[in-house]
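Here is how the chains run, residue by residue.
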Amino acid sequence: MNRLGNKAVVVWFGDDLRLSDHAALTAAAQTGSPLVCLYVLDDSRVETGPRPLGGASRWWLAGSLRALEASLKKFGQTLVLRKGDAATIIPQIASEANAFAVYWIDNEIAGQAALARNVAHELERAGIEAKTFPSDLLARPQDIRNKDGRGLRVFTPFWKRVRSLGEPAQPLPTPRKLPPPVKIESDTLEDWQLDPSRPDWAGGLRAAWTTGEAAAQQRLHDFLEHEIKGYAIKRDRLDGDHTSHLSPHLRFGEITPRQVYHAATFAAAQKPAIAGDVEKFLSELGWREFWRHLLFDLPNLAEQNLQPSFDQFKWRPDAKALRAWQRGQTGYPIVDAGMRQLWHSGIMHNRVRMVVASFLVKHLLIDWRDGEKWFWDTLVDADPGSNPASWQWVAGSGADAAPYFRVFNPILQGEKFDPDGVYVSRWIPELANLAPSLIHHPWDATPMELTAAGVTLGKSYPEPIVDHKAARERALAAYAKTRS
DNA sequence: TTTTGAGTTGTTCGA
DNA sequence: GTCGAACAACTCAAA
């Protein structure tokens, strides 16, 4: 019993599937009131709601919810699952539980912010307190403004401003104990069918990932302890594993940027030799932050060109080429390797993301939105900020965007970042027997070299769907037109 | 106030 | 083989 009688409190979980550094959960636990831990899957494709998850993200969500359920169980708690319109369901559950308040973390994402406003409104009408807690971001978008009150559009000044605010708050520990649960009816995860079946295409995802908060913390620890040395240079290499692999964990809030920031700066203080690598790593966290802040200002980032001049751009609809790109059948080994890694593992090395995106947008002149949608569906780390913003960055229509003349050369990029062809061989085994000097441009091999490697161009591996030089010139001409 | 310089991720060309 | 220049337009900060 507490000062509120036997009234309960509801914690509404969203993209914050963890128990540590969770201000809403911590505050709810401190009330001592009986507790409802709630997750609502809002699948309704309403304009104002959050963007419906892609296939790979749905798979991740299922695993993450399972992990959260298991963690809560250790505290004698349960996770209540409901599907439908959050603005209807949350007040219902709150009154069913006889709750005096609903607490949640305000993740300040476009669709979610609108939904959260509706939820708060409905709760107020029902006489139930709606209390929100600050988002996971390192800084509040409201605090990073230029003279005109707008968010910054260039990364370096943005990141300087964020850093000038000082260290982010220390992350909160996991509550020592949680109050008992209120009995509320719940869907089961099986009801939601988040995992693919018929066919089950998630084998590669299961092999590549462990979802959940504990796995996220372990990943961060391993990365800082054993892998970060040399990050500043090695992160661009495709042979070997030199990136943190934290992105999907961050996406679903299994770990917070605050936790990553403090763990990383602590590691740098212990080992001055890695200080430069840590600084580079933190700036990657800064890019995530930058894109999120951009999304805060521009909710329609996945549809609307940030630079209006691009509205006139004549993209080239080409279903056949789009499909070849999606399936990793363009005939450019570095592009195809990336697209196959994505399809198999739900992830793609960041360097290759730039190469394949540049290829779709510039070599094929296909609308960046088509690429963005494919990534949204296939990436486990598909982020409402980073994904559209990075596509716009590559296309040149975005913030701090790549200049129009930057057309990645897929052969050079391969030779530079995968010099021994390790990455290509792994994802395109049919090219594995080609010499490293040929593996990024098999069309230059002699018939004898191809035969020796067991490659038949056009059969075992496609011919290039466009010629690099011609495609580059076509892209430059098309981009020149939008400028004038 | 105005001006100036710098800005994640590249490529090609010609000297 | 290496190196510098050229390839826009815009945003922000510092002078």
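Residues numbered from 1 in each chain as written. Chains lettered and ligands numbered in written order. Predicted model: local features only at pLDDT ≥ 70, side-chain atom pairs only at ≥ 80, totals over all residues. Heavy atoms only, no water.

## Considering the pattern of salt bridges
In step 1: For the coordinates displayed, the defined rule picks out 20 salt bridges.
In step 2: The partner of Arg 163 in a salt bridge is Glu 279, with the nearest N and O atoms 2.6 Å apart. Of the two residues, Arg 163 is situated in helix H5 (residues 155-164) and Glu 279 in helix H12 (residues 275-297); the sequence distance between them amounts to 116 residues.
In step 3: Arg 163 sits in the partly exposed class, given a relative accessible area of 28%.
In step 4: Among the residues examined, Glu 279 registers a relative accessible area of 39% and is labelled partly exposed.
In step 5: The salt bridge partner of Arg 235 is Glu 284, with a shortest N-O separation of 3.0 Å. Of this pair, Arg 235 sits in the loop between helix H9 (231-234) and helix H10 (247-251) while Glu 284 sits in helix H12; the two residues are 49 residues apart in sequence, bridging distant segments of the chain.
In step 6: Take Glu 284: its relative accessible area is 25%, and that puts it in the partly exposed class. (Salt bridge = Lys/Arg side-chain N within 4 Å of Asp/Glu carboxyl O. Helix = DSSP H or I, 4+ residues; strand = E, 2+ residues; numbered from the N terminus. Buried < 20%, exposed > 50% of the residue type's maximum accessible area, 1.4 Å probe, protein only.)

## What to know about the protein's contact with DNA strand C
In step 1: Near DNA strand C the following residues occur: Asn 146, Arg 150, Gly 151, Leu 152, Arg 153, Val 154, Pro 157, Arg 161, Pro 403, Tyr 404, Phe 405 and Arg 483.
In step 2: Of what DNA strand C places within 4 Å of the protein, 65% of the atoms are sugar or phosphate.
In step 3: In the environment of DNA strand C, a phosphate oxygen lies 3.2 Å from a nitrogen or oxygen atom belonging to the side chain of Arg 161.
In step 4: Taken together, the residues that form the surface near DNA strand C break down as 6 nonpolar, 2 polar and 4 charged. (Near = heavy atom within 4 Å. Polar contact = N/O pair within 3.5 Å; in protein donor to acceptor, adjacent residues only side chain to side chain. Nonpolar A, V, L, I, M, F, W, Y, C, P; charged D, E, K, R; others polar.)

## Brief notes about the domain arrangement of chain A
In step 1: Domains assigned within chain A are domain 1 (8-135), domain 2 (136-168 + 211-299) and domain 3 (308-479).
In step 2: For domain 2 and domain 3, the distance between their C-alpha centres works out to 27 Å.
In step 3: Of the residues lining the interface, 20 residues belong to domain 2; the matching set on domain 3 comes to 23 residues.
In step 4: Across the domain 2/domain 3 interface, buried area totals approximately 1900 Å², and carbon plus sulfur atoms make up 60% of it.
In step 5: When the buried area of domain 2 at its contact with domain 3 is split by residue, Asp 236, Leu 238 and Trp 291 rank highest and sum to 38% of it.
In step 6: In this structure, the connection of domain 2 to domain 3 is made through 2 salt bridges. (Domains from an automatic or database assignment. Contact = heavy atoms within 4.5 Å. Buried area = accessible area lost by both parts, 1.4 Å probe.)

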